[in-house]
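# Results of the structural survey
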Amino acid sequence: MVLKVFFPSCCSSADSGILIGRWISEQNSAVILAVVHFPFIPVQVKQYLGEVQRVTEVSVSVLGSWSNSKQEKEERLSKFLEDLGTIFCHEPWIQISKEGDSKFWSCSTLQKHSKNPQEEEIILVYYDQRKVMLSHLHPPLDTAGQGAEDASKLSAIFDTVARSQVLFMTDRYDEGPIKLTHWQSDGVEASIIVELLKQASVPACMLLTFLLSLLSGICRSRVLKFWPLSFLWSKLSTCEQLGHRLQHLQVISSNRKAQNQNQLMRKANIFVSLLIDVALGILLMSWLYRKNRIGHLADTLIPVADHVAEELQDLLQWLMGAPAGLKMNRALDQVLGRFFLYHIHLWISYIHLLSPFIEMILWYVGLSACLGLTVALCILSDIIALLTFHIYCFYVYGARLYCLKIYGLSSLWRLFRGKKWNVLRQRVDSCSYDLDQLFIGTLLFTILLFLLPTTALYYLVFTLLRLLVVIVQGLIHLLVDLIDSLPLYSLILRLCRSYRLAAGVKFRVLEQQDGKPLRLLMQINPLSYGGVVQTYRLPTYSCYPRDSWASLCKKLFLGELIYPWKHKGDKQN
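Basis of the calculations
Residues numbered from 1 in each chain as written. Predicted model: local features only at pLDDT ≥ 70, side-chain atom pairs only at ≥ 80, totals over all residues. Heavy atoms only, no water. Phe/Tyr/Trp six-rings, centres within 6.5 Å; stacked < 30°, edge-to-face > 60°. Helix = DSSP H or I, 4+ residues; strand = E, 2+ residues; numbered from the N terminus. Buried < 20%, exposed > 50% of the residue type's maximum accessible area, 1.4 Å probe, protein only. Axes fitted to C-alpha atoms, helices over the stretch in contact; angles between N-to-C directions. Parallel < 35°, antiparallel > 145°, perpendicular 65-115°, else oblique. Left-handed = near helix turned anticlockwise from the far one by under 90°. Contact = heavy atoms within 4.5 Å. Nonpolar A, V, L, I, M, F, W, Y, C, P; charged D, E, K, R; others polar. UniProt positions renumbered as here; feature names shortened; annotations may be inferred. pLDDT = per-residue confidence, 0-100. Salt bridge = Lys/Arg side-chain N within 4 Å of Asp/Glu carboxyl O. Pairing = 2+ DSSP bridges.

### Quick word on the packing of aromatic side chains
According to the stated counting rule, one finds 16 aromatic pairs in the structure shown. An angle of 65 degrees between the planes, with centres 4.8 Å apart, marks the rings of phenylalanine 340 and phenylalanine 462 as edge-to-face. Here phenylalanine 340 is found in helix H10 (residues 330–354), whereas its partner phenylalanine 462 is found in helix H14 (residues 435–485), with 122 residues between them in sequence. The burial state of phenylalanine 340 is the same as that of phenylalanine 462; both residues are buried.

Written out as structure tokens, the structure reads:
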């Protein structure tokens, strides 16, 4: 039978003593957790292990002895270590010793109380106790009391180390009768700055929670549910982003402890994302307010708007003639061209009416960058939407007119074939028409068919302009989603401490010799970068279209509207 002994590599240079750990009988494995040094009193060791077992609910016991022959060369020490097996009474009694300057270790077992002792093949597995403790490959802590783990799973080893955290709080410098060696024996890992931040975060979180509850109460008030405010809140991407960040702040400031590793990583990723977002926003704000860049931006905004309006006027003049040599319906062409030219004239008047206030508006809008770069980008997207509102109106007019003609032609085409659309059964049924209905249908079909090229040309031109604006807004919101959802903290951990994001373990052979135990090194396999992004990616609130190409082409052909903003029911949780 094979006996597996998991030995922490941090105890390789420990002084001679006894091995304490957990015996897993289902796997015939021993998990060594620490080494107790001489001198000690066996009664005190048993009392200490009883307290640890009561707190951690892990059956910790004395598993064997450890002898470092570099420091203890007397033969009576080995005899004394063997005699300890009669005091602590564990079967089998494991004896591990280091043989001078040799790289090989001797590991044997004693079975004093067994009538038929059998020689066992021993596998000595080294593991990094610190990485195993922090890798979170063990089961969740809330399921620790549900009985013995599955014997076929290696997670029992990780669970043993993770639940024995109380044992690692005692270091060799503590004033007590028991001296231990483990991964924190030189002192519990801590930082004065971290401890001070923990103490200061309690009142800060309480204040932040109160402010956020007050703000969320205002947002849920009935005032914001009236039509104008509710419409703006659902359409403006700035409001959506502010609501998104408000939920992030509520998650961070929550006083509930994270239940598992995913919730803890989610909170850390949100916190780092907020810090980087606000830092980038402050850098942008400091850049804008240097050298009067706000004034220069306001001075160039009006000429750019005038230039865009002039280009649209030239485009409409080209459409009102013979665009690309196409012969259009002149009457409809003139009506549509003058209608759109009048809208451009209204837009130019509107821009010049706001020109004295542009610099002041931009100055106050620049202050919003302190809320984060994503908020500033969403405001930029809303400004683009407002400055291109006339293009959106042109697109809506052309799409509605084109859609009306497409549906009219399809309905009249069914009339020619003696069919009609059954609204109740949602299907096409046969129908008999009289002569007057067929005559009027033929006239209307002919009129709509010959007017369709003129309408389709205007629709095509304004749809291309609308798609250009939607693509620019989509790129902006793609950058916003990247900042919001990228798990930056997890990626930093993957780069610096890859064992914190573990995907599994692997074993490497250290030495193998006849008559000696097989020595293996257990190493932790980290998650790949793609796995980190897929596992810990945060939910986002996308504000650009997510239609497939087939759905988008169908909408363009039928003249359905393409919205760049996300509807209220499209949230991705």
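There's plenty left to go through after this.
### With respect to the packing of H10 against H14
Running from N to C, H10 and H14 point in directions that differ by 25 degrees, and their axes come no closer than 10 Å. Relative to H14, the element H10 lies roughly parallel. Handedness of the crossing formed by H10 with H14: right-handed. Here Leu332, Asp333, Leu336, Gly337 and Phe340 of H10 come into contact with H14, specifically with Leu451, Thr454, Thr455, Tyr458 and Phe462. Split into classes, the residues belonging to the contact of H10 with H14 amount to six nonpolar, three polar and one charged.

### A few points about the UniProt feature "transmembrane region" (unreviewed entry) in the chain
Those residues carrying the UniProt feature "transmembrane region" (unreviewed entry) are residues 200–219, 270–289, 335–354, 361–388, 394–416, 437–461 and 467–492 in this numbering. When the span residues 270–289 is considered, its composition is 95% helix and 0% strand, and the gap between its end C-alpha atoms is 29 Å. With 92% helix and 0% strand, residues 467–492 has end C-alpha atoms that lie 37 Å from one another.

### Let's talk about the confidence of the model for the chain
The pLDDT averaged across the chain works out to 77; a share of 73% of its residues lies at or above 70. Ignoring residues within four places in sequence, the model shows residues 542–547, a span with pLDDT below 50, making 22 contacts including any to other chains.

### Focus on the pattern of salt bridges
Across all of its chains, the model carries three salt bridges by this definition. When the shortest N-O distance is used, the salt bridge between aspartate 277 and arginine 245 registers 3.0 Å. Remark: arginine 245 occurs in helix H7 (residues 237–252) and aspartate 277 occurs in helix H8 (residues 261–288); sequence separation between them is 32 residues. Neither aspartate 277 nor arginine 245 differs from the other in exposure class; each is buried. Connected through salt bridges with shared partners, the residues Arg245, Asp277 and Asp484 form a single ionic network.

### Examining the pairing of strand S1 (residues 2–8)
Here S1 lies mainly inside the structure; five of its seven residues are buried. Two strands pair when backbone bridges link them, and S1 and strand S7 (residues 121–127) are joined in this way by seven bridges, in the parallel orientation. By the bridge assignment, leucine 3 is partnered in S7 with isoleucine 122. By the bridge criterion, three bridges tie S1 to strand S3 (residues 29–37) in an arrangement that is parallel.

### Things to note about unusual backbone geometry
Unlike most non-glycine residues, asparagine 28 shows phi in positive territory, near 55 degrees. Relative to the elements of secondary structure, asparagine 28 occurs in the loop between strand S2 (17–24) and S3. The backbone of asparagine 292 sits at a positive phi, close to 55 degrees, despite the residue not being glycine. Note on placement: asparagine 292 falls in the loop between H8 and helix H9 (293–319). Overall, asparagine 292 belongs to the partly exposed group, its relative accessible area being 48%.

### So, the packing of H9 against H14
Two elements in contact, H9 and H14, have axes whose closest approach is 11 Å; the angle formed by their N-to-C orientations is 160 degrees. Looking at the two axes, H9 sits roughly antiparallel to H14. Classified by chirality, the crossing of H14 by H9 is right-handed. The segment H9 lies against H14, with Leu312, Leu315, Leu316 and Leu319 engaging Leu457, Tyr458, Val461, Phe462 and Leu465. Looking at the contact of H9 with H14 residue by residue, the class counts come to nine nonpolar, no polar and no charged.

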